[in-house]
Amino acid sequence: MRRRTIHTQMVVRIVITVTIALSFIFALSYDAIRSIIQDQINQSLLSQAQMAAHEVDAAIRQQKTMVETFARVINGIYNSDDPLGNINHATRMFAEQPNSLVFGYWFTAQSDYKQQGKFTSRYGYNENHQLRSYYSPSHTDDSLPIFRDNPMFDYYHGAVKTGATYITSPYLDPHLRIPMLSLSTPVYDKQHKVRGVAGIDIRFNDLHTLSTRLSFYPNSETLLISQQGDVLYNPDRKVKLHDLNYPFDTDVSNLVQEIKLNKAQMVNASYKDKNVIIFAMPITEPNWTALIMLPTSVIDQVLARVLLISLATFAILVITVYVLVHLWVKRLITKPLKELVQASQRIAIGDFSGTVHIQTKNEWMQLEKHMNQMLETLRHHVKLEQEMKRMSALKVVGEMAAAISHEIRNPLTTVRGFLQLLRNKPEHAAEHVYFDTMMDEIIRANTIITEYLTLAQNKLAHFTPQSLNHIIEQIYPLVQASATANCQHIVMELQPLPSVMLDEKEIRQLLHNVIRNGLEAMEANKVLQIRTRTEDDAVVLEIEDEGPGFDPSILSIAGTPFMTTKVNGTGLGLAICYSIVQRHHGSLHISSQPGKTVISISLPLIYPAPDTNS
C-alpha cells in the first residue's frame, strides 16, 4: 500500500474543504445569479427590440421624407413649360432609386385645379424587378369628390383631408387590384390650393421587409398591429386578393388583450401552444404596434449556457485552488520538512556535514536554526573525539618512544659497530653488500626511533622569536631543487609577518614534511603554492598542492600514527606535524578535493604563559 505523504493529505483535505464551501456558496447564490442574469437578458432583448423598432420607424420616416421631397420637386415643376411631362419624368427618376420596401412612386393631379384635367404618373417594379409605368387612360380619376369617403381611395383623399403626409391603412388598390399601403402628401400652390397628391406605394405582402428588421433574434416572429387593433402583417398568413379584412386568430386576439391589460412592453404569454416573451414596440410614424415574439427557450438556452459556464468556472476555480494550495503547502510545509528529514537521515548515518537552508520566515526558520546549531555541536564533538583519539595515540607513541628509545638505540649502535668491524675483514670482502644492507636497516630503525622521540609530549622545545617567512626562504632552495628534479614548481606568496615564538628546528621539520608530502602527491608539471598572511591574532601558513586529494574516509583520520597511504611510509609524517603544531599552541586543518589539497597551519602571535601546574 502506497504511503500517503503529509503534502498529499493536507492538499486533499484543504481542496475538499474549499470545494464543499464553494459548492455551498454556489448552490445558495445560483438562483439569485440566475434571476439577475435573466433580468439582464430580458433588458438586453428589450433594448434590441427597441433598437429594431427605432430602425423601422427611421425607415418609414425616411420614406416619409422621400415622398415630401418628391412633392416639393413636383411643386417646383409646375412652374416649367411642360409641367405634366416633367412630372412624369421626375416620377420615373424617383422610382428608379433602389428601395426594397417601396413598390413605386405616383402623382395624381387634382383634375378640377385650373381645369388641368385627369393626370396620373405611376411607376413601379413588376415581379421580374423591371421598372414600368402602371398608369392606364382607363383608370378612374382618383381626385373626384365622389371618392372622398371611399376607403379604396384613401391614399389620395386622406392626404387632402389631413393636409399633411398621410399613412393609409391596408387597402386594395382600385387600379392594380393589389393589397397596398401608401404614404401620400398633398401638393399645394401659393394660394394653398391642391394641385394634386404625390405618394409612395408599399405592397402589403412586402411588409416582411419591416418584419425582418423587427425580428432581431433568430426564431422570433413579428406581428404588426394597427391603431385600431387590426393585424397588418402576420408572417404565417399572406394577404390575397379581396382578403384584407380577415378575422383575428384567437391566439393573436388573446395576445393583444393581454398586452393592453398589462400595459407593459414585455410580457410572458402563450402563442401557438408555445411559451413566448412578447415585446410590444410602438412604431410611432404610422402609429402601429409591433408584437415581437421570442420563444422562452431562447432564454432557457442562454441560462443553460450560463450554467455550463458557471460549472466550468467552478471547475477551473477548484483546479486553481488545488494548484495554489499545492504550491503553498509545498513551499511552506513540504519543502522545509523535506530539508529537515534529509538532515535527520544524514545525522542518523553519522554524516554531520552541511547545513539546513529554509527560506520561510516562521517556526520552520527557528527549527532550522536549532538544527544547524545541533549539527555544528555534533561536528565539534566529532572533531574533538577525533582529536582526542589522535592525541591519545600520539601520547602512547611518545611515551613508548621515550621509554624504550635508550634501550633500543644502544644495542643497535653496538650491533652496527661489530658489523663494520666484520665488514672490514678480508675474508668478508665478498659479503660487503649484505653488511651494507644490514647497516642501512639499522640506520632506518634509528631514524624511526628519532621520529618516535619527536612525538613525545614532554620533548623539550627551544622557543625564540623567529620570522616564519625567513625560515621558509632558507629552506626554499632545497625543496625547489627536489621539485625541479621531478619537473615540478614551487610558488611563494609571502606577506609581511611579525615575529612569533618558534622552535626553528621543529618548524623546519614541519615545513619539510608538509612540502615533501605535497610534492610526492603531485605529478610532473604541477605547482605547489606556499602562502603566508596575518589573520586575527595569528600568522597563517597555507601549503596548497595539485595532487589527487584525500579520500574523505582517509581525511577524517589523517594524522593518526601509523596510518599511511604510501607503500614505504611509516605513517608518522603528519602525526609529527600535528605534534609540532600542538607544542606551538597552534592548529592544523586539512581541506581536500579532487585536484587540490590545502594544509592550513595557524600559529598564535602571543605565546601563552606556561602552565605551572603541569
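Numbers given for residues are sequential positions, taken from 1 along each chain in its written order. pLDDT decides what is reported in this predicted model: residues at 70 or higher carry local features, side-chain atom pairs at 80 or more are listed and counted, and totals for whole chains, interfaces and linings draw on all residues regardless. Side-chain calculation: all heavy atoms of the structure are included, whereas hydrogens and water are not.

On to the overall build of the chain. Every helix listed is a DSSP run of H or I at least four residues long, and every strand listed is a run of E at least two residues long, numbered separately from the N terminus. Looking only at helices and strands, the chain features twelve helices and 19 strands. Per-residue burial over the chain gives 38% buried out of 614 residues. Within the chain, contacts between residues separated by at least 24 positions form 61% of all contacts whose residues are at least 6 apart in sequence. Residue exposure ignores everything except the shown protein chains as possible cover, and the areas themselves are Shrake-Rupley values with a 1.4 Å probe. Accessible area of the chain: about 34900 Å², with a carbon and sulfur share of 56%. Throughout, exposure labels follow a simple rule: accessible area from a 1.4 Å probe, protein chains only, divided by the maximum for the residue type, with under 20% read as buried, over 50% as exposed, and the rest as partly exposed. By definition, residues are in contact when any of their heavy atoms lie within 4.5 Å.

With that settled, the discussion passes to the packing of helix H9 (residues 468–485) against helix H10 (residues 504–521). For the pair H9 and H10, the least separation of the axes is 10 Å and the interaxial angle reads 40°. At the point where H9 passes H10, the crossing takes the right-handed sense. On H10, the residues that touch Leu468, Ile471, Ile472, Gln474, Ile475, Leu478, Val479, Ser482 and Ala483 of H9 are Glu504, Ile507, Arg508, Leu511, His512, Ile515 and Leu519. Its residues assigned to classes, the contact of H9 with H10 comprises eleven nonpolar, three polar and two charged. Interaxial angle, 0 to 180 degrees, is taken between N-to-C directions of lines fitted to C-alpha atoms, where a helix line uses only the stretch in contact. Each crossing gets its hand from how the near helix is turned against the far one by less than a right angle, where anticlockwise is left-handed and clockwise is right-handed. Polarity classes work like this: nonpolar for Ala, Val, Leu, Ile, Met, Phe, Trp, Tyr, Cys and Pro, charged for Asp, Glu, Lys and Arg, and polar for all others, with Gly in that last group.

In summary, the pairing rule links any two rings of Phe, Tyr or Trp, Trp by its six-membered ring, whose centres are within 6.5 Å, and it sorts them by plane angle into stacked for under 30 degrees, edge-to-face for over 60 and tilted for everything else. This structure, assessed with the given rule, holds nine aromatic pairs. With a centroid separation of 6.5 Å and 70° between ring planes, the pair formed by tyrosine 78 and phenylalanine 107 is classed as edge-to-face. You can see tyrosine 78 sitting in the loop between helix H1 (6–77) and helix H2 (83–95) and its partner phenylalanine 107 sitting in strand S1 (residues 104–109), a full 29 residues away along the chain. Between the aromatic rings of phenylalanine 103 and tyrosine 134, the centroid separation amounts to 5.3 Å while the plane-to-plane angle is 50°, which identifies the pairing as tilted. Of the two residues, phenylalanine 103 is situated in the loop between H2 and S1 and tyrosine 134 in the loop between strand S3 (131–133) and helix H3 (154–162); the sequence distance between them amounts to 31 residues.

For the rest of this paragraph, the subject is the packing of H10 against helix H12 (residues 573–583). At a minimum axis distance of 9 Å, the contact between H10 and H12 shows a crossing angle of 145°. As for the relative orientation of H10 and H12, their crossing is left-handed in sense. Where H10 abuts H12, its residues Glu506, Gln509, Leu510, Asn513, Val514 and Asn517 lie against Gly573, Leu574, Ile576, Cys577, Ile580, Val581 and Arg583. Among the residues forming the contact of H10 with H12, the class breakdown is seven nonpolar, four polar and two charged.

Glancing now at a nonpolar patch on the surface. Together, Ile319, Tyr322, Val323, Leu324, Leu327, Trp328 and Leu332 line one region of the surface with nonpolar side chains, adding up to about 670 Å² of accessible area. Within the secondary structure layout, leucine 332 lies in helix H6 (residues 296–348). On the basis of relative accessibility, which here comes to 35%, the residue leucine 332 falls in the partly exposed class. Patches were defined on residues exceeding 30% relative accessible area and lacking a salt bridge, with like-charge contacts within 9 Å and nonpolar side-chain contacts (Val, Leu, Ile, Met, Phe, Trp, Tyr) within 5 Å. We count a salt bridge whenever a side-chain nitrogen from Lys or Arg sits within 4 Å of a carboxyl oxygen from Asp or Glu.

As for its position among the elements, threonine 165 is in the loop between H3 and strand S4 (166–167). Side-chain atoms alone can form a polar contact between residues adjacent in sequence; in general such a contact is a pair of N or O atoms within 3.5 Å, and within protein one must be able to donate a hydrogen while the other accepts it. Only 2.7 Å separates the side chain of threonine 165 from the side chain of glutamate 68, close enough to count as a polar contact. At a separation of 3.4 Å, a polar atom in the side chain of threonine 165 contacts the side chain of threonine 185. Ignoring sequence-local partners within four residues, the contact set of threonine 165 consists of Lys64, Val67, Glu68, Ser184 and Thr185.

Further remarks concern the confidence of the model for the chain. A residue's pLDDT is the confidence the predictor assigns to it, expressed on a 0 to 100 scale. Looking at the chain, the pLDDT average stands at 77 and 77% of residues meet or exceed 70. When mean pLDDT is taken per element in the chain, strand S17 (residues 538–545) scores highest with 93 and helix H5 (residues 250–262) scores lowest with 57. The low-confidence segment residues 237–250, where pLDDT is below 50, has 26 contacts with residues more than four positions distant or belonging to other chains.

Take empty space enclosed by the protein next. As defined here, a cavity is a set of points on a 1 Å grid over the protein atoms alone where a 1.4 Å probe fits but cannot get out. A pocket is an open set with protein on both sides within 12 Å along at least five of seven lines, and residues line them when an atom is within 4 Å of a point. Grid points are joined across faces, edges and corners, and a volume is the space filled by probe spheres set on the points. The tally for this structure, following the rule as stated, stands at three cavities of 30 Å³ or more. The computed volume of the largest cavity comes to approximately 90 Å³. Within the residue set of the lining of the largest cavity, elements represented by two or more residues are S1 and strand S2 (120–125). Its residues placed into classes, the lining of the largest cavity shows five nonpolar, five polar and four charged.

Next up on the list: the sheet that holds S17. Should DSSP find at least two bridges between two strands, the strands are taken to pair. Spatial strand order, S14-S16-S17-S19-S18: five strands in an open sheet with mixed pairing. Since the sheet does not close on itself, it has two edges, and those belong to strand S14 (489–494) and strand S18 (587–593), each with one partner. Strand-to-strand twist in this sheet, taken as the mean axis angle between neighbours without regard to direction, amounts to 15°. Of the pairings in the sheet, the one linking S18 to strand S19 (residues 596–604) comprises seven bridges and is antiparallel in character. Bridging across to S19, isoleucine 590 finds its partner in isoleucine 599. Across the sheet, H9 is in contact with S14, strand S16 (527–535) and S17; its angle to S14 comes to roughly 170°. This element, H10, spans S14, S16, S17 and S19 of the sheet and lies at about 25° to S17.

Time to look at the pattern of salt bridges. Within the structure shown, the criterion is met by ten salt bridges. The partner of arginine 92 in a salt bridge is glutamate 96, with the nearest N and O atoms 3.4 Å apart. Look at glutamate 96 and you get partly exposed, because its relative accessible area is 42%. Of the charged contacts in the structure, one is a salt bridge between arginine 508 and glutamate 504, with a shortest N-O distance of 3.3 Å. Placement of both arginine 508 and glutamate 504 in helix H10 is noted, with a separation of four residues, approximately one turn of the helix. Taking relative accessible area as the criterion, glutamate 504 reaches 27% and is therefore assigned partly exposed. Residues participating in the shared-partner salt-bridge network are Arg531, Arg533, Glu535, Glu542 and Glu544.

For the rest of this paragraph, the subject is the nonpolar core. What is meant by a nonpolar core is a set of buried Ala, Val, Leu, Ile, Met, Phe, Trp, Tyr and Cys residues, joined one to another through side-chain atoms within 4.5 Å. In this structure, Leu511 and Ile515 are the most contacted members of the largest nonpolar core, which totals 34 residues. For this core, the secondary structure elements donating two or more residues are H9, strand S15 (500–502), H10, S16, S17, H12, S18 and S19. Once you skip the residues sitting within four places of it in the chain, isoleucine 515 turns out to touch Ile475, Val479, Ile490, Leu528, Ile530 and Ile543. With 28 residues, the next largest nonpolar core counts Ile37, Ala49, Ala53 and Leu294 among its residues.

Here the focus is H12. Within H12, nine of the eleven residues are buried, which leaves it mostly tucked inside the rest of the structure. Here H12 has its buried residues at Leu574, Ala575, Ile576, Cys577, Tyr578, Ser579, Ile580, Val581 and Arg583.

On to the environment of leucine 84, then. Among the structural elements, leucine 84 can be located in helix H2. Accessibility expressed as a relative area gives 28% for leucine 84, which makes it partly exposed. Between the alpha carbons of leucine 84 and glutamine 116 there is a distance of 9.6 Å; along the sequence they are 32 residues apart. Excluding anything up to four places from it in sequence, leucine 84 contacts Gln116 and Phe119.

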